[in-house]
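Structural characterization, general
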Amino acid sequence: MIDVAVIILTGRERLHIRRCLERLRQLEPRQIFVVESKPSDGTHEIAVEMGATAVFNKWPGNQALQFNWALDNLKIEAKWVLRIDADEYLSEGLISEMKDFVENPPSDVSLVELPLARTWMQKRIRFGMPTVYVARLFRYGVCRYGEREMDEKLVAREGRTIRFRHKFIDDNLNDFAWWKAKHLNYAEREARQAILGAHGNKALYYRLPPYLRAIAYWIVRYLLFGGFLDGVAGWRWNFWQGLWYRWIVDRKIAKLKSAQ
């Protein structure tokens with residue numbers, strides 16, 4: 001086993017949890033915790049069956065609060081913590097890279113960012129955006145999430161941050177209706193943050209005119225960054241996530257401002 005505790009936040013993830021845990025077996029982490037926030041659809045039972053520690057905590061309102069609850073309440077015994085979502089899994093290269101790192105980590109490193117590979121509607125998306133790095137592996141006791149509704153970010157109080165080379169894969173198996181409903185909820189939350197001026201890494205984007213920025217963002221992704229190279233899947237992904245979603249956020253911002 002390697003000295004890692006894995007924390008998976010779930011909310012009705014029967015469709016994904018077995019795949020996620022099967023891939024984690026190759027990593028051989030010291031501990032695996034599944035934190036359920038909704039009445040179980042079988043997620044809890046599958047997690048226990050596969051050797052994970054499954055606990056329940058009522059949804060506190062956002063991912064940051066739920067994960068910080070896990071850090072404060074789970075009996076974590078490992079020196080390193082890995083966050084992974086149920087609809088994600090680690091590539092074989094990342095598993096090997098992580099094992100090598102944890103066996104002999106630099107003493108001044110507290111946080112590791114992992115490159116993201118994305119699959120949408122069972123099609124791998126390879127173009128359209130520069131590589132996205134997400135902070136997911138960290139030294140226990142040093143990092144917590146800043147409490148934001150959207151785009152929560154791990155913050156380290158000490159040490160430096162490094163990046164791994166191999167990717168983890170986001171591969172949600174739900175249908176398009178589920179994806180659309182989820183992103184309508186995301187848009188509502190992002191609009192509330194935008195009204196408060198909490199733009200995070202989107203500060204430059206939000207300086208552009210509403211709606212026009214959504215079109216400009218789509219043009220950059222689909223044409224300049226080669227989203228069209230992914231064929232039909234690339235068109236659908238960049239239209240719905242790159243144009244439609246950003247347009248909906250601007251529409252919700254306008255409605256919130258008009259209600260003030």
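To start, this report covers the structure provided alongside it. (Residues numbered from 1 in each chain as written. Predicted model: local features only at pLDDT ≥ 70, side-chain atom pairs only at ≥ 80, totals over all residues. Heavy atoms only, no water.)

When helices and strands are tallied, the chain shows 7 helices and 12 strands. Whereas a compact globule of 260 residues would reach a radius of gyration of roughly 18 Å, the chain reaches 19 Å, a difference of no more than 12%. With the principal axes as the frame, the chain shows a C-alpha extent of 50 × 40 × 40 Å. Scored against the burial criterion, the 260 residues of the chain give a buried share of 48%. A sequence separation of at least 24 residues applies to 76% of the contacts in the chain between residues at least 6 apart. Accessible surface for the chain amounts to roughly 13,300 Å². Of this, 53% is attributable to carbon and sulfur atoms. Charge centroids of the chain, computed over 41 positive and 31 negative side chains, lie 6 Å from each other. (Helix = DSSP H or I, 4+ residues; strand = E, 2+ residues; numbered from the N terminus. Rg over C-alpha atoms; globule rule 2.2 N^0.38 Å. Buried < 20%, exposed > 50% of the residue type's maximum accessible area, 1.4 Å probe, protein only. Contact = heavy atoms within 4.5 Å. Areas by Shrake-Rupley, 256 points an atom, 1.4 Å probe, with all protein chains shown as cover. Lys, Arg positive; Asp, Glu negative; His and termini not counted. Charge placed at Lys NZ, Arg CZ, Asp CG, Glu CD.)

This part covers the side chain of T43. Mapped onto the secondary structure, T43 falls in helix 2 (residues 43-49). Residue classification places T43 among the buried positions, given a relative accessible area of 0%. Excluding residues that lie within four positions of it along the chain, T43 makes contacts with T10, R12, E13, R14, I17, V34 and E36.

As a further point, take a nonpolar patch on the surface. Together, F127, L212, I215, I219, V220, L223, L224, F225, F228, L229 and W247 make up a nonpolar patch on the protein surface, roughly 1,000 Å² of accessible area in all. In terms of residue count, helix 6 (residues 212-224) provides more of the nonpolar patch than any other element does, 6 residues in total. (Patch = residues over 30% accessible without salt bridge, like charges linked within 9 Å, V, L, I, M, F, W, Y side chains within 5 Å. Salt bridge = Lys/Arg side-chain N within 4 Å of Asp/Glu carboxyl O.)

Before going further, it helps to spend a moment on the nonpolar core. Counting residues in each nonpolar core, the largest one holds 34 residues, and the members touching the most others are I8, L24, L82, L90 and M98. Where this core is concerned, the elements lending two or more residues are strand 1 (2-10), helix 1 (17-27), strand 2 (29-36), helix 2, strand 4 (80-83), helix 4 (92-103) and strand 6 (109-120). In this structure I8 touches I17, C20, L21, L24, I32, F33, V34, V35, I84, D85 and A86, once residues within four positions along its chain are discounted. Of all hydrophobic cores here, the second largest spans 22 residues; its members include M150, W179, Y206 and A233. (Core = buried A, V, L, I, M, F, W, Y, C linked by side-chain atoms within 4.5 Å.)

Inspection of the entire model under this criterion finds 18 salt bridges. One salt bridge connects R18 with E49, and the closest N-O pair in it is separated by 3.2 Å. Of this pair, R18 sits in helix 1 while E49 sits in helix 2, placing them 31 residues apart in sequence. According to the relative accessible area criterion, E49 is exposed, its value standing at 55%. Between K252 and E188 there is a salt bridge, with the nearest N and O atoms lying 3.2 Å from each other. Taken together, the residues span a long stretch of sequence, with K252 in helix 7 (residues 231-259) and E188 in helix 5 (residues 176-195) at a distance of 64 residues.

Another aspect to go through is the side chain of R221. Summarising the element assignment, R221 is placed in helix 6. One buried charge, R221, has no salt-bridge partner; the nearest side chain with opposite charge is D230, at 8.8 Å. Among the polar contacts made by the side chain of R221, one reaches the side chain of N238 at a distance of 3.0 Å. (Polar contact = N/O pair within 3.5 Å; in protein donor to acceptor, adjacent residues only side chain to side chain.)

Close contact between helix 5 and helix 7 brings their axes to 8 Å; oriented N to C, the two are set at 45°. If you check the angle between helix 5 and helix 7, you find them oblique. Helix 7 is crossed by helix 5, and the crossing has right-handed handedness. Class assignment for the residues of the contact of helix 5 with helix 7 results in 16 nonpolar, 2 polar and 8 charged. (Axes fitted to C-alpha atoms, helices over the stretch in contact; angles between N-to-C directions. Parallel < 35°, antiparallel > 145°, perpendicular 65-115°, else oblique. Left-handed = near helix turned anticlockwise from the far one by under 90°. Nonpolar A, V, L, I, M, F, W, Y, C, P; charged D, E, K, R; others polar.)

For any pair of aromatic rings, geometry is given as the distance between the ring centres together with the angle between the planes. Tallied over the full model, the rule gives 20 aromatic pairs. With centroids separated by 5.2 Å and ring planes inclined at 80°, the aromatic side chains of F67 and Y145 adopt a geometry described as edge-to-face. Taken as a pair, F67 in helix 3 (residues 63-73) and Y145 in strand 9 (residues 143-145) lie far apart in primary sequence, 78 residues in all. As far as burial versus exposure is concerned, F67 and Y145 are alike and both buried. Where W80 meets F101, the ring centres are 5.1 Å apart and the plane angle is 75°; that geometry is what we call edge-to-face. (Phe/Tyr/Trp six-rings, centres within 6.5 Å; stacked < 30°, edge-to-face > 60°.)

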